[in-house]
Amino acid sequence: MDDGVYVGNAGKDAALDRGWLLGHFKDPGDPRHSDALEIKWGVHPRGEQRAQWVKGEVRTALLVLVTGRFRMEFPGRSVLLEDQGDYVVWGQGVDHSWVAEEESVVLTVRWPSVPGYAVPHEEERTST
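Just so you know, the residues in each chain are numbered from 1, in the order the chain's sequence is written. In keeping with the predicted nature of the model, local features appear solely for residues at pLDDT of at least 70, side-chain atom pairs appear and are counted solely at 80 or more, and the whole-chain, interface and lining totals rest on all residues. Computation of side-chain values: all heavy atoms of the structure, hydrogens and water removed.

1. Notes on the environment of Gly-19
Secondary structure elements are defined from DSSP: runs of H or I of at least 4 residues count as helices, runs of E of at least 2 residues count as strands, and each element is numbered from the N terminus. Secondary-structure assignment places Gly-19 in the loop between helix H1 (10-14) and strand E1 (20-22). Note on Gly-19: relative accessible area 4%, which makes it buried. Contacts: residue pairs with any heavy atoms within 4.5 Å of one another. Leaving out residues up to four positions away in the same chain, Gly-19 has contacts with Ala-14, Ile-39, Lys-40 and Trp-41. Here the term buried applies to any residue with accessible area under 20% of the maximum for its type, exposed to any over 50%, and partly exposed to those in between, with areas from a 1.4 Å probe on protein chains only.

2. Points about the packing of aromatic side chains
Two rings belonging to Phe, Tyr or Trp (six-membered ring only in the last case) form a pair when the distance between their centres is within 6.5 Å. Interplanar angles under 30 degrees mark stacking, angles over 60 mark edge-to-face geometry, and anything in between is tilted. One pass over the structure, following the stated rule, counts 3 aromatic pairs. On the basis of an interplanar angle of 25° and a centroid distance of 5.3 Å, the ring pair of Phe-70 and Trp-98 is categorised as stacked. Pair noted here: Phe-70 is in strand E5 (residues 70-74) and Trp-98 is in strand E8 (residues 97-100), with a separation of 28 residues, a long-range link. A single burial state applies to Phe-70 and to Trp-98, both of which are buried. Criterion for a charge above a ring: Lys NZ or Arg CZ within 6 Å of the ring centre, and within 35 degrees of the ring normal. The ring of Tyr-6 carries the charged tip of Arg-32 above its face, separated from the ring centre by 3.9 Å.

3. A short note on unusual backbone geometry
The omega torsion across Trp-111 and Pro-112 is -10°, close enough to zero to call that bond cis. Its identity is not glycine, yet Arg-18 carries a phi of approximately 55°, on the positive side. Considering the arrangement of structural elements, one finds Arg-18 in the loop between H1 and E1. Using a relative accessible area of 36% as the deciding quantity, one classes Arg-18 as partly exposed.

Given below as structure tokens:
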């Protein structure tokens, strides 16, 4: 029965779609489909980084540290999230990248949900 309710587990569901739980990329009719925002449950091993900076950002984002030690890089500024609940918000036009200094879990919310901003999976890799 499709009652418009979806119940899942962030850790399990995230593994199916590169961490993304909700956004425009879910099938229409799925309660997790949204053009308004995107939500990601990111599980990152120590040393994993976004090798390519996001440039020309058209969304606003909130990233919350659940566990670990996670560094966000912005032009001219580095932000270290190290205590559970630490968060950072950045807006449209703010270039950014990141690195997991320790094994980390982060929750990211971006809005609006805009097609075409995915970096190919092989671009996100573990540094050696």
